[in-house]
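Residues per chain are reported as follows:
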Amino acid sequence: MYPLIRTLLFLLDAETSHQLTLFLLRIVNQIPGLPALLRALYRPHSNALAVELMGLQFPNPVGLAAGLDKNAECVPALFNIGFGAIEIGTVTPRPQPGNETKRLFRLPRHHALINRMGFPSVGVDAFLKNLRGGNRTGVVGINIGKNKNTSNDQAIDDYLSAFRAVYASANYVTINISSPNTPNLRDLQSGNALDDLLDALKHEQIMLGKTRNIYVPIALKIAPDLDEGEIVAVADQVQKHKLDAVIATNTTIERNGVEDELLATEIGGLSGRPLKERSTQVVRILYNHLKGTIPIIGVGGIENADDAWDRLVAGADLIQVYTGFIYEGPAIVKNICRGLEKRVLAAGCNTLTEAVAMARTGIHLMR
Ligand SMILES: Cc1cc2nc3c(=O)[nH]c(=O)nc-3n(C[C@H](O)[C@H](O)[C@H](O)COP(=O)(O)O)c2cc1C
């Protein structure tokens, strides 16, 4: 069924079909009976796949990555598909239009996308209004960024104001300093800029934790284009400031594997299959350095259970998908979960966490 829908959607410009899909998701959610049908069709059911992380309960390890539901318009509908968590945003403090269109391109032969959206956002107030409008039945991460017209010198103010605004509405908050589509944003990933930003956010988290009586974890999302030394330096900062998780990775500005595509020359971040290997490497570097002290969420090019398993064994505690969802459709969550459940059973384990731990120590390396 989805291959047909995808063929029709792919006849439209990529951003138009994206908007249409979000619109249909919202409509479907309002027709009596359809949400239950979606849940029956797509929601995975396996207790073995539940993961506890950052003090949160995830029914399965497959989350939706940030950027698909930038304005928090489809959260209830997306939960019907079975995601173990949904990350919404990136939301910026003030509304902004993002870059000029055209800004999203498909590379179907490579199961990839290139985007230079540039954080189109309704702004944090309207975003929170949208989020409150729908009921939520699972873990919701809110991904925050700075406005384009805020200089890097003032970036901390933007992150702090967005963080304060979303704090009580999020199960966790992701700090996005790794999008390639906001000029100079990724400079915040190193040196004093990173140290100062994380210091300010950690202080704010502690303050808000006291006044609101609830601790909301912070995750830092990083780019795949950092070299090994830079990744290790980020990991050190994450440990120093006692953040709650690292998300690896955002899209890449590299074009490895898609050089043959005319569209490869489009400016922006590449996602999907060509990013898979690099994102896995980044997770591995992080895990080797952090040694399980800080949770890792792996994202980039995951399309099926084998990809998900490899990412978990490389060091991820949870995974996320975006481009794979566009190419594989809503069954991607269930399909990944089915494959992971088979791995758990074949390893003679009761839980995914046990099976991954075994595979990591090499006791039971299977493919
Ligand atoms: C069209 C598009 C928009 C995105 N927007 C965001 C965003 O707003 N914030 C963010 O942190 N990541 C954003 N991402 C990155 C994804 O969350 C993810 O990190 C990346 O695409 C790699 O995963 P994938 O290969 O499964 O797509 C976006 C990706 C795409 C394709």
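The coordinates are above.
Looking now at the site of the ligand. The full set close to the ligand counts 24 residues, and A66, T90, G272, G301 and T323 are the nearest of them. In this structure, an oxygen atom belonging to the ligand sits 2.8 Å away from a side-chain N or O atom of K70. Measuring from an oxygen atom of the ligand, one finds a side-chain N or O atom of N176 at 3.1 Å. Protein burial of the ligand: of its 610 Å² of free accessible surface, 98% is covered by the chains. Those elements giving two or more residues to the shell around the ligand turn out to be β4 (85-91), β6 (112-115) and β11 (269-272). Looking at the shell around the ligand residue by residue, the classes come out as 8 nonpolar, 14 polar and 2 charged.

It is worth spelling out the sheet that holds β11 at this point. Taken together, the 3 strands give an open sheet; going across it, the order is β5-β6-β11, and neighbouring strands pair in antiparallel fashion. Edge positions in the sheet fall to β5 (104-107) and β11, since each has one partner strand and no second. Taken over all neighbouring pairs, the strand axes of this sheet differ in orientation by 20° on average, direction set aside. Here 4 bridges tie β6 to β11, and the two strands are oriented antiparallel to one another. Along β11, the bridge assignment pairs A112 with G272.

This part takes up helix α8 (residues 228-240). Spanning 13 residues, α8 covers 18 Å between terminal C-alpha atoms, matching the ideal 18 Å at 1.5 Å per step. Where α8 is concerned, the buried positions are I231, V234, A235, Q237 and V238. One side of α8 carries all its buried residues, which in axial view fall inside an arc of 160°. The inward-facing, buried residues of α8 contact α7 (191-212), β9 (218-222), β10 (245-248) and α9 (276-290). Here α8 starts with a cap whose side-chain oxygen sits 3.1 Å from the backbone nitrogen of G229, and that cap is D227. Directly beyond the C-terminal end of α8, a positive phi value near 55° is found at K242.

So, how was this worked out
- Residues numbered from 1 in each chain as written.
- Predicted model: local features only at pLDDT ≥ 70, side-chain atom pairs only at ≥ 80, totals over all residues.
- Heavy atoms only, no water.
- Near = heavy atom within 4 Å.
- Polar contact = N/O pair within 3.5 Å; in protein donor to acceptor, adjacent residues only side chain to side chain.
- Areas by Shrake-Rupley, 256 points an atom, 1.4 Å probe, with all protein chains shown as cover.
- Helix = DSSP H or I, 4+ residues; strand = E, 2+ residues; numbered from the N terminus.
- Nonpolar A, V, L, I, M, F, W, Y, C, P; charged D, E, K, R; others polar.
- Pairing = 2+ DSSP bridges.
- Axes fitted to C-alpha atoms, helices over the stretch in contact; angles between N-to-C directions.
- Expected span 1.5 Å × (residues − 1).
- Buried < 20%, exposed > 50% of the residue type's maximum accessible area, 1.4 Å probe, protein only.
- Arc of directions from axis to C-beta.
- Contact = heavy atoms within 4.5 Å.

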